[in-house]
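Per-entry structural report
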Amino acid sequence: MRSVDLIQKKRDGGELTASELTYLIDGYCRGDIPDYQMSAWAMAVFFQGMTAEETAALTLAMAASGDQVDLGPISGIKVDKHSTGGVGDKTTLILAPLVAAAGVPVAKMSGRGLGHTGGTIDKLESIAGFRTELTRERFIAQVNELGAAVIGQSGNLAPADKKLYALRDVTGTVESIPLIASSVMSKKIAAGADAIVLDVKTGSGAFMKTVAHSEELAKAMVDIGTEVGRHTAAVISDMDQPLGYAIGNSLEVIEAIATLKGEGPEDLTELCLALGAHMVVLGGKAPSIEAARELLRGLIEDGTALAKLRAFIAAQGGDPAIVDDPSTLPQAPLRIEVTATEGGYVHAIEAEQLGIAAMLLGAGRATKEAEIDYSVGVMLTKKTGERVDAGEVLAVLHAREQDRKTAEVVERVRNAYAIQAERPAARPLLLSVVTADGITRYAE
Ligand code: URA
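Residues numbered from 1 in each chain as written. Predicted model: local features only at pLDDT ≥ 70, side-chain atom pairs only at ≥ 80, totals over all residues. Heavy atoms only, no water.

1. Brief notes about the pattern of salt bridges
Enumeration according to the criterion identifies 31 salt bridges in this entry. With a closest N to O distance of 3.2 Å, glutamate 54 and lysine 10 form a salt bridge. Remark: lysine 10 occurs in helix H1 (residues 3-11) and glutamate 54 occurs in helix H4 (residues 52-63); sequence separation between them is 44 residues. Neither residue differs from the other here; glutamate 54 and lysine 10 are each classed as buried. Salt-bridge contacts for lysine 188 lead to aspartate 80; the nearest nitrogen and oxygen are separated by 3.2 Å. Residue lysine 188 is found in helix H9 (residues 177-190), and its partner aspartate 80 is found in strand E1 (residues 79-83); the two are separated by 108 residues along the sequence. Each of the two residues, lysine 188 as well as aspartate 80, counts as buried. If you follow the salt bridges from partner to partner, you end up with Arg112, Asp122, Glu125 and Arg365 in one network. (Salt bridge = Lys/Arg side-chain N within 4 Å of Asp/Glu carboxyl O. Helix = DSSP H or I, 4+ residues; strand = E, 2+ residues; numbered from the N terminus. Buried < 20%, exposed > 50% of the residue type's maximum accessible area, 1.4 Å probe, protein only.)

The following block contains the structure:
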């Protein structure tokens, strides 16, 4: 086999076989196939696309390129969840205890934040003593005993994807649906769960700008899951603003606790119930999405989900007392108000800009090695659709210092708000669900 023949075959619209794709991925990982050939192939895929069978074969080849987690010793149907990226997305902090309380084992590997996106592991580590590195034995035992464990992602999970994604990033080949779908699913499949629930974001702040494109990506991922025997469902949700009000590590933990108490923001609560319901159905603990939602609501109302959060924090070395007194989490010394310069209605809040703002305050990393400050971040006071008067507070920065950089962050947050005179049309948060049975639109 020669790489150049495979590049030409794809360039001319041909379909590569599983062994041809494995040849490319394995050769690229070993360093036998150079970047220039792999980027030519990625560009050919960008223009020609891939069939569902090719996409599944590519995914399996990438999943097999590194560690493949065996969750076999955990009893029950293990359901994983993945979001295609969101600012203020603390859903894992809520869903791990909530879904575990419903009897579905959650054995989750999560990442750290980089750039404007936060990471679940950083959020959990804002709880003093919380350990995100557990031995395999401890991880499995905790899920069997308690129903949930969350650890940092192994550095060797789908290394082919890591290498290919870095190449795509600099060769204009990120925005290819089969390449994104195989990238996401290779990591999920290597992580070992039996079923996968995907939160696919849509809108100006997301990878996919339209619902149609998001549904296409969701369908590609669901098809891969189905093809390789992992039940997969995807919820398409709008991202014209950050999720909830809190952006920043300990601020997001506080908001997650409030949500598990039934006192969380409406959008965050809605999304968690929607994703959680699919996890519960795929995990075999409810016969329908409606029944699963009711079950989850009940577990929030009667305190079972909160008790599970306490047990989960304690099991991983944190102090469960933070659940009852979140003020013991790291707190930034300063509060700096960001006010509106004009009145009107909030039409959109650029999530990426707020993610960058939180990062500049110290909540995120500009580089992989950077230290982070768990206490700082941005608390929104106004969300889309709300009326605001000139001089009213849009958001409050939780900052460590009042310096020139902080003043720039104030401007960045203010500019992230699109305020217009007329009231915006209401935008639903949940748009559609994609499963192996097809697409269902929420609004229909
Ligand atoms: N996220 C991923 O993990 N991979 C992509 O290709 C795009 C987004």
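2. A short note on the site of the ligand
Surrounding the ligand, one finds Tyr165, Arg168, Ile180, Ser183, Val184, Lys187 and Phe207. In the environment of the ligand, a nitrogen atom lies 2.6 Å from a nitrogen or oxygen atom belonging to the side chain of serine 183. Here lysine 187 contributes a side-chain N or O atom positioned 2.5 Å from an oxygen atom of the ligand. Protein coverage of the free-state accessible area of the ligand, which is 230 Å², stands at 87%. (Near = heavy atom within 4 Å. Polar contact = N/O pair within 3.5 Å; in protein donor to acceptor, adjacent residues only side chain to side chain. Areas by Shrake-Rupley, 256 points an atom, 1.4 Å probe, with all protein chains shown as cover.)

3. Notes on the nonpolar core
The biggest cluster of nonpolar side chains holds 51 residues, and the ones touching the most others in it are Leu98, Val280, Leu309, Phe312, Ile313 and Ile322. Residue contributions to this core peak at nine residues, all from helix H12 (residues 266-282). The residues touching isoleucine 313, leaving out its near neighbours within four places in the chain, are Ile127, Phe130, Gly318, Asp319, Pro320, Ile322 and Val323. (Core = buried A, V, L, I, M, F, W, Y, C linked by side-chain atoms within 4.5 Å. Contact = heavy atoms within 4.5 Å.)

4. Section: the environment of valine 378
By secondary structure assignment, the location of valine 378 is in strand E9 (residues 377-380). Note on valine 378: relative accessible area 0%, which makes it buried. Spatially, the C-alpha atoms of valine 378 and leucine 306 are 25 Å apart, while their sequence positions differ by 72 residues. Valine 378 has contacts with Tyr245, Ala246, Ile247, Leu251, Ala357, Ala358, Leu361, Ala395, Val396 and Leu397, leaving out every residue within four places of it along the chain.

5. Some thoughts on the environment of alanine 286
Checked against the element boundaries, alanine 286 lands in the loop between H12 and helix H13 (289-301). In this structure alanine 286 comes out as buried when scored by relative accessible area, which is 12%. With 184 residues separating them in the primary sequence, alanine 286 and alanine 102 have C-alpha atoms 9.0 Å apart. Non-local contacts of alanine 286, meaning those with residues more than four positions away in its chain, are made with Val280, Val281, Ala291 and Ala292.

6. Considering the side chain of threonine 173
Within the element layout of this structure, threonine 173 appears in the loop between helix H8 (159-169) and H9. For threonine 173, a relative accessible area of 0% gives the class buried. Polar side-chain contacts of threonine 173 include one of 2.9 Å to the side chain of threonine 171. Discounting residues that sit within four places of it in the chain, threonine 173 has contacts with Ala42, Met43, Phe46, Arg168 and Leu179.

Any functional reading would require information that these geometric values do not contain.
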